[in-house]
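# Chain and residue survey
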Amino acid sequence: MNDLGSSLRLVPDADGLAEAARLLSAGRTVAFPTETVYGLGADASDPVAVARIYAAKERPSFNPLIAHLAETAAAKAQGVFDDAASRLAGAFWPGPLTLVVPAGPACTVCDLARAGLASVALRVPGNAIARDLLARVGRPVAAPSANRSGRVSPTCAAHVLADLDGRIDAVLDGGTAPVGVESTVVACLGGPPRLLRPGGVTRAELERVLGYALAGVEAENAAAPIGPGLLASHYAPRARVRLDATTAVFAEAVLRFGGVPEATEAPAVFDLSPTGNLAEAAANLFSALRLLDASGAETIAVAPIPRGGLGEAINDRLRRAAAPR
Ligand code: TXA
Ligand code: MG
């Protein structure tokens, strides 16, 4: 929302990074690349800046946001880390993991960014551009995915501008986000850690570091939906989504995996990974949904996706895309 009515597009060279950091430090909104998806950043310590995120996204309610930091030490200074949280941070930061921990006495993430909770969600992203930007800002940066509320998350700058051009101050264009699904969210709030959202770090990777099994996400959310925004319709394209399609019906757009389902007459087809590779499928997921949606088809038929590894996060996002709205 600058004078021109369109958002600045910055390249991630020294000048672009300096300008992005200057805007964030001045309380403005800047979308930036992470290894998972693009985030819509604002100074997490400034409630006026954080309010601009909710306004730009048209979020119906104040969901708690993830605070991003350049270094593990800086993230640890914001919260109280028990043994499990310390081990997970040590193993996966920088990287696609968010830890929800009790806010520490020195926490500078404002109440609005935390939605009034006593906990704080922290993440040290794994890509160099995000970390360079965060280091320049020197404060936690709140950043939900940089899409309009309810839409699929953006994995490139063009997706960000399709949803938010003119509603945010700038986007830092760092190319395509390689992971493609959001970070895994784990709560370490006393007792065993709880997996709140599957994501870029797989359950098996978490369990290997912890040395024990985590409860399932569905059980978790049914028992205690402590992650607002983790339930119901979310990540939704405009078209209806039909899951586990082994055959395509006439006029349906088709999201394939490993060549399934066959679709000779479909108006639009995208294969998430012709070779059946889940990492490739995750990286392609959100841009594929955007592309198929743009075909104008009323329904997108989606192939069955294996549930292991990154398949847990992919299936989670597809279930939300298919949820009644
Ligand atoms: O990969 C990602 O995590 C991206 C990039 C930009 O970092 N960010 C992202 O943010 O996906 P967002 O706002 O779309 O999702 C944050 C999730 C929400 O589901 C929210 O409910 C949960 O984290 N969360 C945040 N703070 C929480 C808290 N204190 N307790 C429980 N859940 C929390
Ligand atoms: Mg989101």
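This report concerns the structure included in the present document. Keep in mind that this is a model prediction, so the values were computed, not measured.

Okay, the sheet that holds strand β14 (residues 299-302) next. Taken in spatial order, the 4 strands make up an open sheet running β11-β14-β12-β13, and their pairing is parallel. Only two strands of the sheet have a single neighbouring strand rather than two, namely β11 (240-242) and β13 (269-271). Adjacent strand axes in the sheet meet at a mean angle of 20° when their direction is disregarded. Of the strand pairs in this sheet, strand β12 (residues 253-256) and β14 are connected by 3 bridges, and their pairing is parallel. Residue pairing across strands places V254 opposite A301, the latter belonging to β14.

Contacts to ligand 1 come from 28 residues, most closely from T36, G39, P64, A121 and P144. Elements that contribute at least two residues to the shell around ligand 1 include exactly β5 (97-102), β6 (119-123) and β10 (194-197). Among the elements that line the shell around ligand 1, the one with the most residues is β6, at 3 residues. Its residues assigned to classes, the shell around ligand 1 shows 14 nonpolar, 10 polar and 4 charged.

A separate point is the nonpolar core. Within the largest apolar cluster, 108 residues are counted, with the highest numbers of intra-cluster contacts made by A31 and A67. If one sorts the elements of this core by residue count, helix α9 (residues 278-294) sits on top with 9 residues. For this core, the domains that each give at least three residues are domain 1 (8-223) and domain 2 (240-322).

The subject of this paragraph is unusual backbone geometry. The step from W93 to P94 runs through a cis peptide bond, and the omega angle for that step is -10°. Looking at where P94 falls in the secondary structure, it is placed in the loop between α4 (83-92) and β5. The amide bond that connects V260 to the next residue, P261, takes the cis arrangement and shows omega of -10°. Structurally, the position occupied by P261 is in the loop between β12 and β13. The backbone phi angle of E58 is positive, close to 55°, even though this residue is not glycine. Mapped onto the secondary structure, E58 falls in the loop between α2 (47-57) and β4 (66-68).

The rules we used
Residues numbered from 1 in each chain as written. Chains lettered and ligands numbered in written order. Predicted model: local features only at pLDDT ≥ 70, side-chain atom pairs only at ≥ 80, totals over all residues. Pairing = 2+ DSSP bridges. Helix = DSSP H or I, 4+ residues; strand = E, 2+ residues; numbered from the N terminus. Axes fitted to C-alpha atoms, helices over the stretch in contact; angles between N-to-C directions. Near = placed C-beta within 6 Å. Nonpolar A, V, L, I, M, F, W, Y, C, P; charged D, E, K, R; others polar. Core = buried A, V, L, I, M, F, W, Y, C linked by C-beta atoms within 7 Å. Buried ≥ 20, exposed ≤ 12 C-beta atoms within 10 Å, placed from the backbone. Domains from an automatic or database assignment.

Take it as geometry only, folks, not as evidence of what the structure does.
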